[in-house]
Amino acid sequence: YIYRCLNNYEQAHLFLKEAINLSPKRPVAYFIRGEIFFRQNEYDKAIVNLNKSINYKSKMNNSYILRGNSYLLSNKLLHDVYYGYGYREAAIINYNIALKNDPNNYLCLKKCAYAYVIGEDYSSTLNLLDKLLNINKEDSLVLCYYGEILYNMTQYRKAISYFTKAYTIDPENIHNLNRRAITYYIIKEYDKVLSDLDKIIQLDPLNSSAYYLKSLTYYTKNDINNAKISFKEYAELSNSNNTLAKIQLCHLEYLLNKNSSKVLKNILTKISQVFNYSNYEDKFLQLIRCKIYIELKEYSLAKIVLDFVEFAFIGYFIQDHPYFRSYLYEVCEINKNKFTTFGIVSEFSKYMYKEHGVYLVSNLTNLNSELCQFQESDISSLSGLVLSSKNENLHLGLPIIKRNCGERLICKMNVKKILSNNCFITFILNNDYREYCMLNDLSKIEGLGWIEYRTEIYGLHDPQFSIETNSIEMQIEYIRFGRNPYTITQFPNISLMGYLSPVYHKFFSNVPETFKDKYFSRKEMENLLDLKDILNSL
């Protein structure tokens, strides 16, 4: 222990080896060894030794916290397995065990909240953040983090209230001001956006992202002159070697020069020179490319790029550009009489079904007029129409859906409110196989807005599906088969985003990642072993 305090880990390991040889089942030796491996960033070795410490009946609650930290910091969050769980789930299990013994452990609560966020379990995250604020309501980072989670849940006005509380405590937190400015943009309070951006620039005159959002906001307000001034300032400040900066420059340049085919073609050339972009940057880039080809009326090229655009945005591209939409209907040879037996009548519904395998459930009203009472308008949906349970139980019998081998049934839905503990959604295959989505799962998606829910149902030969709901206020837009990597995929509300990229917030790290030294103090994480732990074990 003394050598560990002196950071002489080699000598510490030698003495631990001797101690373990003398007493192989003493848990404290494995705990010290695990803690030293954690300090050395060898998380797998830390986990192995902490497992032994716990298996040998360690009474130290910090064993579970340290093991949770080791799982969380391991780079195998999604791939390795621990008793049937991924590393993130293993971290959560350990944190929750520790919290049963010490409910107000501040470090453990923060780490566990972060682990839930990785899996987009926002309701569990907010429960833990509430506990943190009950302990310390003046923690500005937790308040800002709370706002970020509410933003992710599309509860924008409530998010602003938390960003504002954080601002009152720490008015110089640029990260918090930036997040509030983005949220103000979404709810269309543009003067407040500009006010927050001016505060950021006053604190950090070289903050290029503030000028990007400033230019975008002026453009949205149709103040083109100021938009161009801010664009010029952004261009001067942005890092020419930063890929995101290059893409955002292309985005602003596109918006400010829509009527110049020469400039648009030049932007396409620039885009072709942007390599090694990340997943979210790639999505943004494809959106810009597709829009430019549509502006240039090069619809055949726009159609090619459309295949690389994230599925969530395809329908909106088609709906927002009538000439491009007509072109797609023509080249896809939409037959007026085809698919009518499935209730598919409109050209848009036929295109989505034929080209993308999407069946809009509002089509069912053409087959069963009794379902018209459940139909309602929703501007954030692809067709503008959805079916809503409206506080009643709902049963939807669906026609055969296009599918490919290995694809799973996916349902786009919006769970607004759980009405009782007996709530459920049931996906039924051929009146035989049933997959239930019960209270525990539904509580994770309640209030998230539109999501795609991936079931475990695979496409079989001529499958017949139906969906039943009970005690839920929810909307359903479509079903399809696909290969979503996650059970829950959240959809941005594109109708609210204006000219902001739907994945813009994904470009920036959250509070725990931005303020690692404050939110995840390494010193705190490495101070989970005390001499009294050793003395108490003797």
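Every value quoted in this text rests on a predicted model; they were computed, and no experiment measured them.

Student: Please clarify how the pattern of salt bridges should be interpreted in this entry.
Tutor: Note that side chains of opposite charge can pair when their charged atoms are close. Overall, the coordinates contain 17 salt bridges when judged by the stated rule. Of the charged contacts, one joins K214 and D198 as a salt bridge, the two residues approaching to 2.9 Å between their closest N and O atoms. Taken together, the residues span a long stretch of sequence, with K214 in helix 13 (residues 208-220) and D198 in helix 12 (residues 190-203) at a distance of 16 residues. Given a relative accessible area of 12%, K214 falls into the buried group. The partly exposed category is assigned to D198, whose relative accessible area is 38%.

Student: Looking at this structure, I do not really get the pairing of strand 3 (residues 385-388). What am I missing?
Tutor: Across a regular strand the side chains alternate sides, sitting on one face of the sheet and then on the other. The pairing of strand 2 (residues 375-377) with strand 3 spans 3 bridges and is antiparallel. The residue of strand 3 that forms the bridge with E376 is V386.

Student: Is there a simple way to explain the packing of aromatic side chains in this structure?
Tutor: Two numbers describe a pair of aromatic rings. These are the distance of the centres and the angle of the planes. Under the definition given, this model contains 18 aromatic pairs. Judged by centre distance (4.9 Å) and plane angle (80 degrees), the ring pair of Y219 and Y499 falls under edge-to-face. Residue Y219 is found in helix 13, and its partner Y499 is found in the loop between helix 23 (494-497) and helix 24 (511-514); the two are separated by 280 residues along the sequence. Residue class for Y219 comes out buried when judged on its relative accessible area of 13%. A centroid spacing of 5.6 Å and a plane angle of 55 degrees characterise the contact between F465 and F481, whose relative ring orientation is tilted. Linking F465 in strand 9 (residues 465-470) with F481 in strand 10 (residues 472-482), this pair joins segments that are 16 residues apart in sequence. Clustering of aromatic rings is evident, with ring pairs tying together F339, F342, Y353 and Y359. Just above the ring of Y519 sits the side chain of K110; from NZ or CZ to the centre is 5.1 Å. Over the ring of W450 we find K412; its NZ or CZ atom is 5.3 Å from the centre of that ring.

Student: Just to check I follow, could you spell out the sheet that holds strand 9 for this structure?
Tutor: Backbone hydrogen bonds are what pair the strands of a sheet, in a parallel or an antiparallel way. Taken in spatial order, the 4 strands make up an open sheet running 4-9-6-7, and their pairing is antiparallel. Either end of the sheet is taken by a strand with one partner, and the two such strands are strand 4 (394-398) and strand 7 (433-437). The average angle at which neighbouring strand axes cross in this sheet is 15 degrees, direction not considered. Where strand 6 (residues 424-429) meets strand 9, 6 bridges bridge the pair, whose relative direction is antiparallel.

Student: What is the right way to read the UniProt feature "repeat: TPR" (unreviewed entry) in the protein chain from this model?
Tutor: Residues annotated by UniProt as "repeat: TPR" (unreviewed entry) correspond here to residues 27-60 and 140-173. The span residues 27-60 shows a helical share of 76% and a strand share of 0%, and its end C-alpha atoms are spaced 9 Å apart. As annotated, residues 140-173 has a helix share of 79% and a strand share of 0%, and its two end C-alpha atoms lie 9 Å apart.

Student: How should the nonpolar core be read in this particular structure?
Tutor: Ranked by size, the top nonpolar core spans 181 residues in total, and within it L129, I292, Y351, M413, I425 and L442 carry the most contacts. Leaving out residues up to four positions away in the same chain, I425 has contacts with M413, E435, Y436, C437, L442, I467, E468, T469, I472 and M474.

Student: Can you help me understand the side chain of N51 in this one?
Tutor: Locating N51 in the fold gives a position in helix 4 (residues 43-55). In contact with N51, other than residues within four places in its own chain, are R67 and Y71.

Student: Could you clarify how one ought to interpret unusual backbone geometry in this entry?
Tutor: Among all residues except glycine, the phi angle is most often negative; among peptide bonds, the trans geometry is most common. Here the phi dihedral of K188 falls at roughly 65 degrees; this positive angle occurs in a residue that is not glycine. Checked against the element boundaries, K188 lands in the loop between helix 11 (174-186) and helix 12. On the basis of relative accessibility, which here comes to 45%, the residue K188 falls in the partly exposed class. One non-glycine residue, F339, adopts positive backbone phi at about 70 degrees. In this structure, F339 sits in the loop between helix 20 (322-331) and helix 21 (347-356). Residue F339 is classed as buried on the basis of its relative accessible area of 16%.

About the thresholds
- Residues numbered from 1 in each chain as written.
- Predicted model: local features only at pLDDT ≥ 70, side-chain atom pairs only at ≥ 80, totals over all residues.
- Heavy atoms only, no water.
- Salt bridge = Lys/Arg side-chain N within 4 Å of Asp/Glu carboxyl O.
- Helix = DSSP H or I, 4+ residues; strand = E, 2+ residues; numbered from the N terminus.
- Buried < 20%, exposed > 50% of the residue type's maximum accessible area, 1.4 Å probe, protein only.
- Pairing = 2+ DSSP bridges.
- Phe/Tyr/Trp six-rings, centres within 6.5 Å; stacked < 30°, edge-to-face > 60°.
- Lys NZ or Arg CZ within 6 Å of the ring centre and 35° of its normal.
- Axes fitted to C-alpha atoms, helices over the stretch in contact; angles between N-to-C directions.
- UniProt positions renumbered as here; feature names shortened; annotations may be inferred.
- Core = buried A, V, L, I, M, F, W, Y, C linked by side-chain atoms within 4.5 Å.
- Contact = heavy atoms within 4.5 Å.

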